[in-house]
Amino acid sequence: RAVAMSVSHSSRLNKLVREQYMRLPQDGLVQVTYVWIDGSGEGVRCKSRTLDKEPKSIEDVPEWNFDGSSTAQAEGSNSDMFLVPVCMFRDPFCLDPNKLVLCEVLKYNRKPAETNLRHTCKKIMDLVKDSHPWFGMEQEYTLLGINGHPYGWPDNGFPGPQGPYYCGVGADKVYGRDIVESHYKACLYAGVKICGTNAEVMPSQWEFQVGPCEGIEMGDHLWMARFILHRVCEDFGVVATLDPKPMTGNWNGAGCHTNYSTEEMRREGGLKHIEAAIEKLSKRHDYHICVYDPRGGRDNSRRLTGHHETSNIFEFSAGVANRGASIRIPRQVGQDGYGYFEDRRPAANCDPYAVTEAIMRTTVLNETGVETKDYADH
């Protein structure tokens, strides 16, 4: 009874009845679901329309609009916002030929909405394209019941201490694997560059990894993977939270560790370029902390305590195979002398566009200080 009450009412609807309708033919028409980031900078929204033929590229998907006053992105007196399609995926919920389309949001004057961080990220990625930046982001999240309590935890207590849950196997160690495996398959079907998954240190906490992606593709694929996660969880009647510290006390927080390399870092002798990039990052720690969560570092301050496999938010550190450092160089990279490094500071609810843009500004464009440079005229 307790488990049944922790899932949403909608998830208890008869899914076999739904399948009856899902199998109906569409007679050449295509359902396109437009997905965008709302005014919180964390939430995703979607709405669907019919096209009279299957779009073969993003150019075949028309612009659309929505009511920004209902998504904290506009005033009611001037509420129409533009949805500009930027990246298209197969739809794992309605199946081929239907599509999911990630969109940028523009205001009435065609300027990017405040939470449209893709716009400037794309400019920066175009500037640094010759360095061929590769990213891989490790998205941690926590499953909650509809009551806000971690899914599978005792109603009036806590599970046993951390230890047996990380990469765990068994009904007493992991909760919600059905959701995780469904999300993985849905991402593969959609064309999202998901590359792995595992149970995390805190029970009911999981992680999936997206990458390697080059440039702007990193943010596009991670945002779509997040959308698919929320939709899969909706079907199962639970909630996925990206809160960086969903449970206070002696429990791990949730990050979005970001693996990064340029072409010269991946070549023989690349370790010196990795070390040079880390040196640049060490001198701009405050700037990165400000953009590594949606609240200027306030969310991360609950997580980056120096405990539970984190660095201290006030100090920059780096080391080989050190999970308590700001930047970790994998042991294999240290041995090979080339490869990539991992920035462990981004929070689970970071905007990947902001994170990848910041890394490029600091390590390739050699920006310093807390101010960013405007390259519009260059």
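Cut-offs applied
Residues numbered from 1 in each chain as written. Predicted model: local features only at pLDDT ≥ 70, side-chain atom pairs only at ≥ 80, totals over all residues. Heavy atoms only, no water. Axes fitted to C-alpha atoms, helices over the stretch in contact; angles between N-to-C directions. Helix = DSSP H or I, 4+ residues; strand = E, 2+ residues; numbered from the N terminus. Left-handed = near helix turned anticlockwise from the far one by under 90°. Contact = heavy atoms within 4.5 Å. UniProt positions renumbered as here; feature names shortened; annotations may be inferred. 1 Å grid on protein atoms, 1.4 Å probe; cavity = no way out; pocket = protein on both sides within 12 Å on 5 of 7 lines; lining within 4 Å. Points joined across faces, edges and corners; volume = space filled by probe spheres on them. Nonpolar A, V, L, I, M, F, W, Y, C, P; charged D, E, K, R; others polar. Expected span 1.5 Å × (residues − 1). Buried < 20%, exposed > 50% of the residue type's maximum accessible area, 1.4 Å probe, protein only. Arc of directions from axis to C-beta. Pairing = 2+ DSSP bridges.

This brings us to the packing of helix α3 (residues 118-127) against helix α11 (residues 352-363). Relative orientation of the contacting elements α3 and α11 amounts to 35 degrees, with a least axis distance of 9 Å. Handedness of the crossing formed by α3 with α11: left-handed. Only Y353, T356, E357, M360 and R361 of α11 make contact with α3, whose side of the interface consists of R118, T120, C121, I124 and M125.

This paragraph deals with the UniProt feature "domain: GS beta-grasp" (unreviewed entry) in the protein chain. With numbering aligned to this structure, UniProt lists the feature "domain: GS beta-grasp" (unreviewed entry) at residues 30-110. Structurally, residues 30-110 is divided into 0% helix and 48% strand, and its ends, taken at the C-alpha atoms, are 28 Å apart.

This brings us to empty space enclosed by the protein. Rolled over the atoms, a probe with the dimensions of a water molecule shows which regions are left empty. By the definition in use, this model includes one cavity of 30 Å³ or more. Here the largest cavity defines a volume of roughly 100 Å³. Along the walls of the largest cavity sit 15 residues, with I37, C103, E104, V105 and N116 positioned nearest its centre. Counting only elements with at least two residues in the lining of the largest cavity, the list comes to β1 (30-37) and β5 (99-106). For the lining of the largest cavity, the leading source of residues is β5, giving four residues. Residues that form the lining of the largest cavity fall into these classes: ten nonpolar, three polar and two charged.

Bringing helix α7 (residues 271-282) into the picture now. The end-to-end C-alpha separation of α7 is 16 Å, in line with the 16 Å expected for twelve residues at 1.5 Å each. Residues L271, I274, A277, I278 and L281 constitute the buried set of α7. Buried positions in α7, seen along its axis, are confined to an arc of 120 degrees and lie on one side of it.

Of the strand pairs in this sheet, strand β3 (residues 64-67) and strand β4 (residues 80-90) are connected by four bridges, and their pairing is antiparallel. Counted as the bridge partner of W64 is L83 from β4. In terms of strand pairing, β4 meets β5 through eight bridges, oriented antiparallel. Pairing of M88 across the sheet is with V101, part of β5.

So, on to unusual backbone geometry. A negative phi holds for most residues other than glycine; trans holds for most peptide bonds. Of note, the amide linkage connecting D96 to P97 takes the cis form, showing an omega dihedral of 5 degrees. Looking at the secondary structure, you find P97 in the loop between β4 and β5. Cis geometry marks the peptide bond from G211 to P212; its omega dihedral reads -5 degrees. Position of P212 relative to the elements: it lies in strand β8 (residues 205-214). The backbone of L95 shows a phi angle near 70 degrees, a positive value even though the residue is not glycine.

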